[in-house]
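# A structural walkthrough
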Amino acid sequence: MRINNTVKITSLVAAGLLALTACGATATSTTSGGSEPSSSSSSAASASPSSSASASAGSDGAAASSGSYKAAAWALPITDKGDKLGSMKGDSFSVDIYQVATDVASKDSMFLDKETKENLLKKGAPIVYVNYVVTNTSSADIPLSHSLVTPSAKYSDWKYLGGMPSDSSSDGFKKYGLSSSGMKLKEKDPFVLKPGESFNIAENFGYTPGKEAEISATMTPAAADGKLDHDKKEQAKTTVTLK
(Lines give C-alpha, C1' and ligand atoms only; values in the text may rest on other atoms or scores of the structure.)
Protein backbone atom coordinates (compact mmCIF):
# COMPACT_ATOMS: atom_id res chain seq x y z
CA MET A 1 0.00 0.00 0.00
CA ARG A 2 3.00 2.28 0.48
CA ILE A 3 6.67 2.75 -0.03
CA ASN A 4 8.61 1.58 3.04
CA ASN A 5 9.78 4.44 5.16
CA THR A 6 10.84 3.74 8.72
CA VAL A 7 10.96 6.39 11.41
CA LYS A 8 11.54 6.07 15.17
CA ILE A 9 10.37 8.80 17.46
CA THR A 10 10.75 9.38 21.15
CA SER A 11 7.16 10.25 21.89
CA LEU A 12 3.77 10.47 20.30
CA VAL A 13 1.18 11.78 22.69
CA ALA A 14 -2.03 11.49 20.75
CA ALA A 15 -1.59 10.12 17.22
CA GLY A 16 -4.77 9.99 15.26
CA LEU A 17 -6.64 12.45 17.54
CA LEU A 18 -7.66 16.02 16.77
CA ALA A 19 -6.50 18.96 18.89
CA LEU A 20 -9.89 20.22 19.94
CA THR A 21 -11.46 23.23 21.65
CA ALA A 22 -14.82 22.77 23.38
CA CYS A 23 -17.65 24.41 21.49
CA GLY A 24 -20.04 26.03 23.98
CA ALA A 25 -21.85 23.64 26.32
CA THR A 26 -22.57 21.05 23.66
CA ALA A 27 -20.76 17.76 23.04
CA THR A 28 -19.44 19.08 19.73
CA SER A 29 -15.79 20.08 19.64
CA THR A 30 -13.76 22.34 17.39
CA THR A 31 -10.27 22.19 15.94
CA SER A 32 -7.88 25.03 15.49
CA GLY A 33 -7.26 25.83 11.86
CA GLY A 34 -8.57 27.47 8.74
CA SER A 35 -11.45 26.59 6.49
CA GLU A 36 -12.84 23.10 6.18
CA PRO A 37 -10.44 20.86 4.23
CA SER A 38 -11.40 19.13 1.04
CA SER A 39 -11.47 15.72 2.76
CA SER A 40 -14.84 16.59 4.31
CA SER A 41 -16.49 17.54 1.05
CA SER A 42 -19.08 15.11 -0.24
CA SER A 43 -18.40 16.27 -3.78
CA ALA A 44 -15.07 14.44 -3.76
CA ALA A 45 -16.62 11.04 -4.38
CA SER A 46 -19.86 9.30 -5.13
CA ALA A 47 -22.28 8.97 -2.23
CA SER A 48 -23.02 5.41 -3.26
CA PRO A 49 -21.39 2.76 -1.03
CA SER A 50 -18.82 0.59 -2.79
CA SER A 51 -16.34 -2.05 -1.82
CA SER A 52 -13.32 -3.62 -3.42
CA ALA A 53 -13.92 -6.64 -1.21
CA SER A 54 -17.00 -8.22 0.27
CA ALA A 55 -17.05 -9.95 3.64
CA SER A 56 -19.62 -11.50 5.93
CA ALA A 57 -18.83 -10.18 9.37
CA GLY A 58 -19.74 -11.62 12.73
CA SER A 59 -20.07 -9.80 16.05
CA ASP A 60 -16.28 -9.60 16.41
CA GLY A 61 -15.57 -8.24 12.93
CA ALA A 62 -14.01 -10.37 10.19
CA ALA A 63 -15.64 -13.75 9.70
CA ALA A 64 -12.67 -15.69 8.35
CA SER A 65 -8.96 -15.14 7.69
CA SER A 66 -7.70 -14.65 4.16
CA GLY A 67 -4.23 -14.51 2.68
CA SER A 68 -1.00 -15.95 4.07
CA TYR A 69 -0.93 -14.13 7.41
CA LYS A 70 -0.77 -16.12 10.65
CA ALA A 71 -3.14 -14.59 13.19
CA ALA A 72 -2.11 -14.42 16.84
CA ALA A 73 -4.23 -16.58 19.15
CA TRP A 74 -5.93 -13.52 20.68
CA ALA A 75 -6.45 -11.70 17.38
CA LEU A 76 -9.51 -11.57 15.17
CA PRO A 77 -9.24 -13.35 11.79
CA ILE A 78 -7.14 -11.41 9.31
CA THR A 79 -8.35 -10.11 5.96
CA ASP A 80 -6.16 -9.03 3.08
CA LYS A 81 -9.13 -8.01 0.94
CA GLY A 82 -9.01 -4.78 -1.01
CA ASP A 83 -6.30 -2.84 -2.81
CA LYS A 84 -2.89 -2.98 -1.19
CA LEU A 85 -1.64 0.59 -1.05
CA GLY A 86 1.77 -0.12 0.43
CA SER A 87 3.71 -1.18 3.52
CA MET A 88 5.80 0.36 6.26
CA LYS A 89 8.28 -1.00 8.78
CA GLY A 90 9.47 -0.32 12.28
CA ASP A 91 12.45 -2.00 13.92
CA SER A 92 10.45 -5.06 14.97
CA PHE A 93 7.16 -4.86 13.09
CA SER A 94 5.71 -4.23 9.65
CA VAL A 95 2.33 -2.95 8.50
CA ASP A 96 0.60 -3.79 5.22
CA ILE A 97 -2.06 -1.26 4.25
CA TYR A 98 -5.24 -2.14 2.35
CA GLN A 99 -7.96 0.11 1.00
CA VAL A 100 -11.01 -2.08 1.55
CA ALA A 101 -14.15 -0.09 0.78
CA THR A 102 -15.78 3.30 0.39
CA ASP A 103 -19.10 4.34 1.87
CA VAL A 104 -20.74 7.40 3.41
CA ALA A 105 -20.67 8.70 7.00
CA SER A 106 -23.70 7.58 9.01
CA LYS A 107 -23.78 10.76 11.11
CA ASP A 108 -22.03 14.07 11.68
CA SER A 109 -18.70 13.82 13.48
CA MET A 110 -18.06 15.49 16.82
CA PHE A 111 -15.53 17.88 15.33
CA LEU A 112 -15.96 21.36 13.86
CA ASP A 113 -13.69 23.89 12.28
CA LYS A 114 -13.16 26.48 15.02
CA GLU A 115 -13.55 29.46 12.72
CA THR A 116 -16.13 28.38 10.13
CA LYS A 117 -18.09 26.06 12.46
CA GLU A 118 -18.30 23.61 9.56
CA ASN A 119 -18.35 19.94 10.54
CA LEU A 120 -15.15 18.18 9.47
CA LEU A 121 -16.99 14.98 8.54
CA LYS A 122 -20.67 15.51 7.77
CA LYS A 123 -23.37 12.85 7.58
CA GLY A 124 -23.46 11.51 4.04
CA ALA A 125 -19.88 12.55 3.25
CA PRO A 126 -17.78 9.88 1.48
CA ILE A 127 -15.51 7.82 3.72
CA VAL A 128 -12.92 5.15 3.05
CA TYR A 129 -12.14 2.06 5.14
CA VAL A 130 -8.45 1.23 5.47
CA ASN A 131 -7.21 -2.00 7.05
CA TYR A 132 -3.77 -2.39 8.61
CA VAL A 133 -2.17 -5.84 8.99
CA VAL A 134 0.58 -5.71 11.62
CA THR A 135 3.24 -8.44 11.72
CA ASN A 136 6.01 -9.14 14.21
CA THR A 137 9.16 -9.21 12.02
CA SER A 138 11.57 -9.71 14.92
CA SER A 139 12.82 -12.91 16.55
CA ALA A 140 11.34 -12.08 19.96
CA ASP A 141 7.85 -12.00 21.44
CA ILE A 142 6.26 -8.55 21.62
CA PRO A 143 3.88 -8.11 24.59
CA LEU A 144 1.23 -5.50 23.84
CA SER A 145 -1.38 -3.65 25.85
CA HIS A 146 -4.97 -2.99 24.73
CA SER A 147 -3.66 -0.18 22.54
CA LEU A 148 -1.84 -2.78 20.39
CA VAL A 149 -0.37 -0.78 17.49
CA THR A 150 -2.03 2.57 16.83
CA PRO A 151 -2.42 3.48 13.14
CA SER A 152 -3.32 6.97 11.97
CA ALA A 153 -3.96 8.48 8.54
CA LYS A 154 -3.76 12.15 7.66
CA TYR A 155 -3.99 13.82 4.26
CA SER A 156 -0.81 15.65 3.34
CA ASP A 157 -2.70 18.97 3.22
CA TRP A 158 -4.65 18.41 6.46
CA LYS A 159 -4.83 21.80 8.17
CA TYR A 160 -5.53 20.71 11.71
CA LEU A 161 -3.48 19.38 14.59
CA GLY A 162 -3.81 15.67 15.13
CA GLY A 163 -5.56 13.11 12.96
CA MET A 164 -8.80 13.17 11.00
CA PRO A 165 -12.33 12.45 12.27
CA SER A 166 -14.01 9.17 11.47
CA ASP A 167 -17.45 7.59 11.47
CA SER A 168 -17.55 5.89 14.86
CA SER A 169 -20.47 3.59 14.01
CA SER A 170 -19.54 -0.09 14.28
CA ASP A 171 -22.02 -1.03 11.55
CA GLY A 172 -19.67 -0.08 8.73
CA PHE A 173 -16.81 -2.12 10.16
CA LYS A 174 -19.06 -5.17 10.49
CA LYS A 175 -20.43 -4.60 6.98
CA TYR A 176 -16.95 -4.95 5.46
CA GLY A 177 -15.63 -7.64 7.80
CA LEU A 178 -13.31 -5.25 9.65
CA SER A 179 -12.55 -4.40 13.26
CA SER A 180 -11.43 -1.21 14.96
CA SER A 181 -10.11 -3.16 17.97
CA GLY A 182 -8.17 -6.05 16.40
CA MET A 183 -8.73 -8.50 19.24
CA LYS A 184 -11.29 -11.14 20.17
CA LEU A 185 -13.80 -10.36 22.89
CA LYS A 186 -12.87 -11.21 26.49
CA GLU A 187 -9.17 -11.59 25.69
CA LYS A 188 -6.86 -10.27 28.41
CA ASP A 189 -3.56 -8.44 28.16
CA PRO A 190 -0.71 -8.72 27.67
CA PHE A 191 -1.39 -9.61 24.05
CA VAL A 192 1.76 -11.44 23.03
CA LEU A 193 2.58 -11.12 19.35
CA LYS A 194 4.99 -13.92 18.56
CA PRO A 195 7.56 -13.78 15.72
CA GLY A 196 5.79 -14.09 12.38
CA GLU A 197 2.33 -13.57 13.87
CA SER A 198 -0.06 -10.84 12.77
CA PHE A 199 -3.24 -9.00 13.66
CA ASN A 200 -5.31 -6.44 11.79
CA ILE A 201 -7.02 -3.23 12.79
CA ALA A 202 -9.03 -0.83 10.63
CA GLU A 203 -10.09 2.80 10.56
CA ASN A 204 -12.14 5.08 8.33
CA PHE A 205 -11.87 8.74 7.40
CA GLY A 206 -13.09 11.22 4.80
CA TYR A 207 -12.50 9.93 1.28
CA THR A 208 -11.00 11.79 -1.65
CA PRO A 209 -9.94 9.45 -4.49
CA GLY A 210 -6.42 9.96 -5.81
CA LYS A 211 -5.40 11.96 -2.76
CA GLU A 212 -2.09 11.47 -0.95
CA ALA A 213 -2.26 10.43 2.69
CA GLU A 214 0.44 10.11 5.32
CA ILE A 215 0.12 6.94 7.41
CA SER A 216 1.84 6.30 10.71
CA ALA A 217 1.72 3.39 13.15
CA THR A 218 2.95 3.55 16.73
CA MET A 219 3.80 0.49 18.80
CA THR A 220 4.49 0.74 22.54
CA PRO A 221 5.18 -2.69 24.10
CA ALA A 222 3.90 -3.60 27.54
CA ALA A 223 6.41 -3.91 30.39
CA ALA A 224 6.44 -6.78 32.89
CA ASP A 225 4.20 -4.80 35.27
CA GLY A 226 1.63 -4.28 32.54
CA LYS A 227 2.42 -0.62 32.01
CA LEU A 228 3.55 0.77 28.68
CA ASP A 229 7.29 0.58 28.09
CA HIS A 230 7.80 3.97 26.43
CA ASP A 231 11.55 3.41 26.13
CA LYS A 232 10.80 0.73 23.53
CA LYS A 233 8.24 2.73 21.57
CA GLU A 234 8.53 2.41 17.80
CA GLN A 235 6.89 4.22 14.92
CA ALA A 236 6.66 3.50 11.22
CA LYS A 237 5.57 6.01 8.57
CA THR A 238 4.83 6.06 4.88
CA THR A 239 2.81 7.95 2.28
CA VAL A 240 0.22 6.39 -0.01
CA THR A 241 -2.26 7.50 -2.65
CA LEU A 242 -5.88 6.42 -2.29
CA LYS A 243 -7.52 4.60 -5.17
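A short tour of the structure in this document, coming up. (Residues numbered from 1 in each chain as written. Predicted model: local features only at pLDDT ≥ 70, side-chain atom pairs only at ≥ 80, totals over all residues. Heavy atoms only, no water.)

Moving on, we get to the overall build of the chain. Along its length, the chain carries one helix and 13 strands. Helices (α) and strands (β) of the chain occur, in sequence order from the N terminus, as β-β-β-β-β-β-β-β-β-α-β-β-β-β. When contacts within the chain are restricted to residue pairs at least 6 apart in sequence, those whose partners lie at least 24 apart make up 77%. As displayed, the chain has an accessible area near 11,000 Å², and 50% of this comes from carbon and sulfur atoms. (Helix = DSSP H or I, 4+ residues; strand = E, 2+ residues; numbered from the N terminus. Contact = heavy atoms within 4.5 Å. Areas by Shrake-Rupley, 256 points an atom, 1.4 Å probe, with all protein chains shown as cover.)

All right, on to the pattern of salt bridges then. Here the structure, examined in full by the defined rule, presents five salt bridges. Note that aspartate 96 and lysine 84 form a salt bridge whose closest N and O atoms lie 3.6 Å from each other. Of this pair, aspartate 96 sits in strand S6 (residues 93–104) while lysine 84 sits in strand S5 (residues 83–89), and the two are 12 residues apart along the sequence. We classify aspartate 96 as buried; its relative accessible area is 12%. Among the ionic pairs, lysine 232 bridges to aspartate 229, the shortest N-O distance being 4.0 Å. Classification of lysine 232 by relative accessible area gives exposed; the value is 51%. (Salt bridge = Lys/Arg side-chain N within 4 Å of Asp/Glu carboxyl O. Buried < 20%, exposed > 50% of the residue type's maximum accessible area, 1.4 Å probe, protein only.)

Quick look at the environment of glutamate 212 now. Tracing the backbone shows glutamate 212 in strand S12 (residues 212–221). Glutamate 212 gets classed as partly exposed once you look at its relative accessible area, which sits at 41%. Taking C-alpha positions, glutamate 212 is 6.0 Å from tyrosine 155, a pair spaced 57 residues apart along the chain. The contact partners of glutamate 212, leaving out residues within four places of it in the chain, are Tyr155, Ser156, Thr239, Val240 and Thr241. At 3.0 Å, the side chain of glutamate 212 and the side chain of serine 156 are in polar contact. (Polar contact = N/O pair within 3.5 Å; in protein donor to acceptor, adjacent residues only side chain to side chain.)

In terms of burial, strand S8 (residues 126–136) is a largely internal element, 11 of the 11 residues being buried. Of the two faces of S8, the one holding Pro126, Val128, Val130, Tyr132, Val134 and Asn136 and the one holding Ile127, Tyr129, Asn131, Val133 and Thr135 are both buried throughout. When S6 meets S8, the two strands line up antiparallel, connected through 11 bridges. Bridge pairing links serine 94 to threonine 135 in S8. Sheet topology places S8 next to strand S11 (residues 197–206); nine bridges connect them, and they run antiparallel. Counterpart to tyrosine 132 in the pairing with S11 is isoleucine 201. (Pairing = 2+ DSSP bridges.)

To continue, consider unusual backbone geometry. Cis geometry marks the peptide bond from aspartate 189 to proline 190, where omega comes out at 0 degrees. Mapped onto the fold, proline 190 is located in the loop between helix H1 (170–175) and strand S10 (191–193). Its identity is not glycine, yet lysine 117 carries a phi of approximately 65 degrees, on the positive side. Along the polypeptide, lysine 117 turns up in the loop between strand S7 (111–113) and S8. Phi at leucine 148 is positive, roughly 45 degrees, even though this residue is not glycine. On the basis of relative accessible area, leucine 148 is assigned to the buried category, the value being 1%.

Bringing the nonpolar core into the picture now. Residues Trp74, Phe93, Val95, Tyr132, Leu144, Phe199 and Phe205 are the most contacted members of the largest nonpolar core, which totals 36 residues. Listed by contribution, the elements that provide at least two residues to this core are S5, S6, S8, strand S9 (142–155), S10, S11, S12 and strand S13 (234–241). In terms of residue count, S9 provides more of this core than any other element does, six residues in total. Here phenylalanine 205 is in contact with Pro126, Ile127, Val128, Val130, Ala153, Tyr155, Met164, Pro165 and Leu242, once residues within four sequence places are set aside. Judged by nonpolar contacts, the second largest core, of 15 residues, contains Tyr69, Ala105, Tyr176 and Leu178. (Core = buried A, V, L, I, M, F, W, Y, C linked by side-chain atoms within 4.5 Å.)

Glancing now at the sheet that holds S10. With respect to topology, four strands assemble into an open sheet ordered S10-S9-S12-S13, the strand pairing being antiparallel. The strands lining the two open edges of the sheet, one partner per strand, are S10 and S13. Shown here is a sheet whose adjacent strand axes are inclined to one another by a mean of 35 degrees, direction ignored. Relative to S10, S9 runs antiparallel, the two sharing three bridges. Looking at the pairing, proline 143 lines up with valine 192 of S10. (Axes fitted to C-alpha atoms, helices over the stretch in contact; angles between N-to-C directions.)

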